[in-house]
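# Coordinate inspection notes
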Amino acid sequence: MKKLYCAILAALILVLVLLMPVFSRDIREGSAASIRETVLRAAAQCYAVEGAYPPSLSYLEENYHLVINHRDFIVSYEAFASNLPPDVRVLVRGEAGA
């Protein structure tokens, strides 16, 4: 009976270890989507307050106290015109395409 419990426990640990990268990837992808939405909301707030979308991501960081984890994520912020919303893309560093 004790061997059965040990075997079940070992199997559960193995399954958790094998699934950990999947959970980790899902969390990072969710974080990237959250960062994108936050940047877009900050840009919309800037537009509402100032009448123009911000020219750069650094403008949002300096004037609207936006904080981004640049160590783990790459944020592409492309502003076309002051009256059009920016194109924001967030990539996870270290993954394919980043």
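Report on the accompanying structure. Here the structure is a predicted model, which is why all the values come from computation and not from measurement. (Residues numbered from 1 in each chain as written. Predicted model: local features only at pLDDT ≥ 70, side-chain atom pairs only at ≥ 80, totals over all residues. Heavy atoms only, no water.)

What the protein contains, in helices and strands, is 2 helices and 2 strands. When its helices and strands are written in sequence order, the protein yields α-α-β-β. Out of the 98 residues belonging to the protein, those deemed buried represent 20%. Expressed as a percentage of contacts within the protein between residues at least 6 apart in sequence, the contacts between residues at least 24 apart total 36%. On the protein, roughly 7000 Å² of surface is accessible, and the fraction owed to carbon and sulfur atoms is 63%. (Helix = DSSP H or I, 4+ residues; strand = E, 2+ residues; numbered from the N terminus. Buried < 20%, exposed > 50% of the residue type's maximum accessible area, 1.4 Å probe, protein only. Contact = heavy atoms within 4.5 Å. Areas by Shrake-Rupley, 256 points an atom, 1.4 Å probe, with all protein chains shown as cover.)

Bringing the nonpolar core into the picture now. It is characteristic of soluble globular proteins that their nonpolar side chains tend to be buried jointly. Core analysis: the largest hydrophobic core is formed by 18 residues, its most contacted members being V39 and L60. Looking at this core, the elements with two or more residues in it are α1 (2-50), α2 (57-63), β1 (73-78) and β2 (87-92). If sequence neighbours within four positions are ignored, V39 has contacts with L57, L60, L66, I68, Y77 and V88. (Core = buried A, V, L, I, M, F, W, Y, C linked by side-chain atoms within 4.5 Å.)

What is shown is where atoms sit, not what they do.
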